[in-house]
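# Architecture and fold: a report
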Amino acid sequence: MIGRLNHIGVATPSIEASVALYRDLLGATSAGEPFDLPAQGVRVCFIDLPNSQIELIEPLGDDSPIHGFLAKNHKGGQHHVCFEVEDILAARDAMRAKGATLLGTGEPRIGAHGTPILFLHPKDMGGVLVELMETPKEAH
């Protein structure tokens with residue numbers, strides 16, 4: 001069921017500073033324009049890699065879910081890993097049947113790539129927050 005690694009989510013107090021870090025220190029040559037995802041309380045920017053992406057996530061507003069993470073990790077850090085799945089509802093149902101805990105209501109919402117996403121609780125995933133994302137249709 002698990003598909004390709006789509007991205008690694010990295011929480012940051014400053015997307016601009018993080019883009020500079022990936023560009024100047026690691027040599028990244030392609031960063032998208034930051035954009036807001038108000039429904040999720042975050043600002044996002046993708047750094048393109050040859051085989052995946054880094055998703056930089058900055059809090060958007062005072063009620064952003066990223067604030068708690070940054071309170072514990074002031075400089076930011078790895079927040080989640082995202083794997084593609086062919087069918088998000090089938091993946092959700094399979095995860096539930098296997099006893100995994102879905103965050104929120106368990107209903108998919110639209111993520112930064114414009115496709116449905118779900119998150120699996122770290123307690124069931126070896127301490128790692130896992131995002132499942134339906135493979136974008138243009139990737140087929």
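Just above sits the structure.
Report follows, based on the coordinates. In this text, all values refer to a predicted model and were calculated from it rather than measured experimentally.

### Observations regarding the state of the cysteines
Applying the stated criterion across every chain, the model contains zero disulfides. With no disulfide of its own, Cys45 lies 16 Å from the sulfur of Cys82, the closest cysteine sulfur. By relative accessible area, Cys82 is classed as buried at 0%.

### Section: the layout of surface pockets
Considered as a void within the structure, the largest pocket measures approximately 450 Å³ in volume. Around the largest pocket, the lining comprises 27 residues; the ones closest to its centre are Gln40, Pro65, Arg109, Ile117 and Phe119. Elements that contribute at least two residues to the lining of the largest pocket include exactly strand 3 (42–48), strand 4 (53–59), strand 5 (77–85), strand 7 (116–120) and strand 8 (130–134). Here the lining of the largest pocket gets three residues from one element, more than from any other, and that element is strand 7. The residue inventory of the lining of the largest pocket, partitioned by class, reads 13 nonpolar, ten polar and four charged.

### Observations regarding the sheet that holds strand 6 (residues 109–110)
Within a sheet, neighbouring strands are paired by backbone hydrogen bonds and run either parallel or antiparallel to one another. If you walk across this open sheet you meet the eight strands as 2-3-4-1-5-8-7-6, and the pairing is mixed. A single partner strand is all that each edge strand has here, and the edge strands are strand 2 (35–37) and strand 6. Both strand 1 (residues 5–11) and strand 4 contribute to a ladder of five bridges, which runs parallel. Residue pairing in the sheet places Val10 in a bridge with Leu56 of strand 4.

### Things to note about the environment of Leu37
Within the fold, Leu37 resides in strand 2. Given the relative accessible area of 16%, Leu37 is considered buried. Put simply, Leu37 and Lys72 are 35 residues apart on the chain and 23 Å apart in space, counted from C-alpha to C-alpha. When residues no more than four places from it in sequence are discounted, the contact partners of Leu37 are Val42, Val44, Leu60 and Ala112.

About the thresholds
- Residues numbered from 1 in each chain as written.
- Predicted model: local features only at pLDDT ≥ 70, side-chain atom pairs only at ≥ 80, totals over all residues.
- Heavy atoms only, no water.
- Disulfide = S-S within 2.5 Å.
- Buried < 20%, exposed > 50% of the residue type's maximum accessible area, 1.4 Å probe, protein only.
- 1 Å grid on protein atoms, 1.4 Å probe; cavity = no way out; pocket = protein on both sides within 12 Å on 5 of 7 lines; lining within 4 Å.
- Points joined across faces, edges and corners; volume = space filled by probe spheres on them.
- Helix = DSSP H or I, 4+ residues; strand = E, 2+ residues; numbered from the N terminus.
- Nonpolar A, V, L, I, M, F, W, Y, C, P; charged D, E, K, R; others polar.
- Pairing = 2+ DSSP bridges.
- Contact = heavy atoms within 4.5 Å.

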